[in-house]
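Residue-level structural notes
Residues per chain, in single letters:
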Amino acid sequence: MSDKIYFSLGPVQGFVAQSRRTRDLWSGSFLLSYLAGCAINEVIAKDGRIEIPDVRDDTLLAWIKGSRDGMAPIIGSIPNRFEAFADINPKDIAISAAEVVQCKWEEIAEAVWN
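Just so it is clear, the structure is predicted and the values come from calculations on it, not from any experiment.

Let us look at the overall build of the protein chain. For the protein chain, the helix and strand inventory stands at four helices and three strands. When the helices and strands of the protein chain are read in sequence order from the N terminus, they spell out β-α-α-β-α-β-α. Its C-alpha radius of gyration of 14 Å places the protein chain within 12% of the 13 Å reference for a compact globule of 114 residues. Projecting the C-alpha coordinates of the protein chain onto the three principal axes gives extents of approximately 45 × 30 × 25 Å. Of all 114 residues assigned to the protein chain, the portion counted as buried reaches 32%. If you take every contact in the protein chain between residues at least 6 apart in sequence, the share linking residues at least 24 apart comes to 76%. Total accessible area on the protein chain is roughly 7,700 Å²; 54% of this is exposed by carbon and sulfur atoms. Positive and negative side-chain charges of the protein chain, numbering 12 and 16 respectively, have mean locations separated by a distance of 6 Å.

Structure follows, in structure tokens:
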């Protein structure tokens, strides 16, 4: 029997509302999409199955997974929330996905700081 994992990043409105320019809005939206993609990638790596959204042919997720053919995607195509199934240790998988998001967030913040 599989257990369901519900994962959400947010609050989105408060995050993108801080945008002062169009590029800030795009950057914030893309960043949330990228972080959600990193969480999805972690769930898949731990043998979870993504139910919603359908990310089978998503170019951003392919890029996150390491398929770096051509230019990096410029469209944040992954929503801030997803649903997945896991047969073994769904709680551990969800915690691992959250830790990956935190780690990626810190890497980005450090790169911006430097």
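Here the narrative resumes.
Our focus in this paragraph is the side chain of Asp58. Here Asp58 lies in the loop between strand S2 (49-52) and helix H3 (59-65). For Asp58, which is buried and forms no salt bridge, the nearest opposite charge comes from Lys65, at a distance of 9.4 Å. At 2.9 Å, the side chain of Asp58 forms a polar contact with the backbone nitrogen of Leu61. Among the polar contacts made by the side chain of Asp58, one reaches the side chain of Ser77 at a distance of 2.7 Å.

The next thing to look at is the side chain of Ser96. Counting through the fold element by element, Ser96 comes out in helix H4 (residues 90-113). Non-local contacts of Ser96, meaning those with residues more than four positions away in its chain, are made with Glu42 and Lys46.

One open sheet accounts for three strands, arranged S1-S3-S2; its pairing is antiparallel. Because the sheet does not close on itself, it has two edges, and the strands there are strand S1 (3-8) and S2. Taken pair by pair, the neighbouring strands of this sheet meet at an average axis angle of 35°, ignoring direction. Relative to strand S3 (residues 81-86), S2 runs antiparallel, the two sharing three bridges.

Moving on to the environment of Cys38. Tracing the backbone through its elements, the reader meets Cys38 in helix H2 (residues 22-45). On the basis of relative accessible area, Cys38 is assigned to the buried category, the value being 3%. Spatially, the C-alpha atom of Cys38 lies 7.6 Å from that of Ala97, the residues being 59 residues apart in sequence. Contact partners of Cys38, with chain neighbours within four places excluded, come to Ile64, Val100 and Lys104.

Turning our eyes to something else, we now look at H2. Over its 24 residues, H2 extends 34 Å from the first C-alpha to the last, a length consistent with the 34 Å expected when each residue adds 1.5 Å. Count one or two residues on from H2 and you reach Asp47, which has phi positive near 70°.

Another point: the pattern of salt bridges. Taken as a whole and judged by the stated rule, the model has six salt bridges. A salt bridge links Lys4 to Glu83; the shortest N-O distance between them is 3.3 Å. With Lys4 in strand S1 and Glu83 in strand S3, this pair connects stretches of sequence that are 79 residues apart. The partner of Lys104 in a salt bridge is Glu107, and the shortest N-O contact between them spans 3.9 Å. Residue Lys104 and its partner Glu107 are located together in helix H4, separated by three residues, close to a single helical turn. By relative accessible area, Lys104 is classed as partly exposed at 25%. The exposure class assigned to Glu107 is partly exposed, which follows from its relative accessible area of 42%. One salt-bridge network, in which partners are shared between bridges, spans Lys4, Glu51 and Glu83.

What counts and how
Residues numbered from 1 in each chain as written. Predicted model: local features only at pLDDT ≥ 70, side-chain atom pairs only at ≥ 80, totals over all residues. Heavy atoms only, no water. Helix = DSSP H or I, 4+ residues; strand = E, 2+ residues; numbered from the N terminus. Rg over C-alpha atoms; globule rule 2.2 N^0.38 Å. Buried < 20%, exposed > 50% of the residue type's maximum accessible area, 1.4 Å probe, protein only. Contact = heavy atoms within 4.5 Å. Areas by Shrake-Rupley, 256 points an atom, 1.4 Å probe, with all protein chains shown as cover. Lys, Arg positive; Asp, Glu negative; His and termini not counted. Charge placed at Lys NZ, Arg CZ, Asp CG, Glu CD. Salt bridge = Lys/Arg side-chain N within 4 Å of Asp/Glu carboxyl O. Polar contact = N/O pair within 3.5 Å; in protein donor to acceptor, adjacent residues only side chain to side chain. Pairing = 2+ DSSP bridges. Axes fitted to C-alpha atoms, helices over the stretch in contact; angles between N-to-C directions. Expected span 1.5 Å × (residues − 1).

Geometry only, nothing functional implied.
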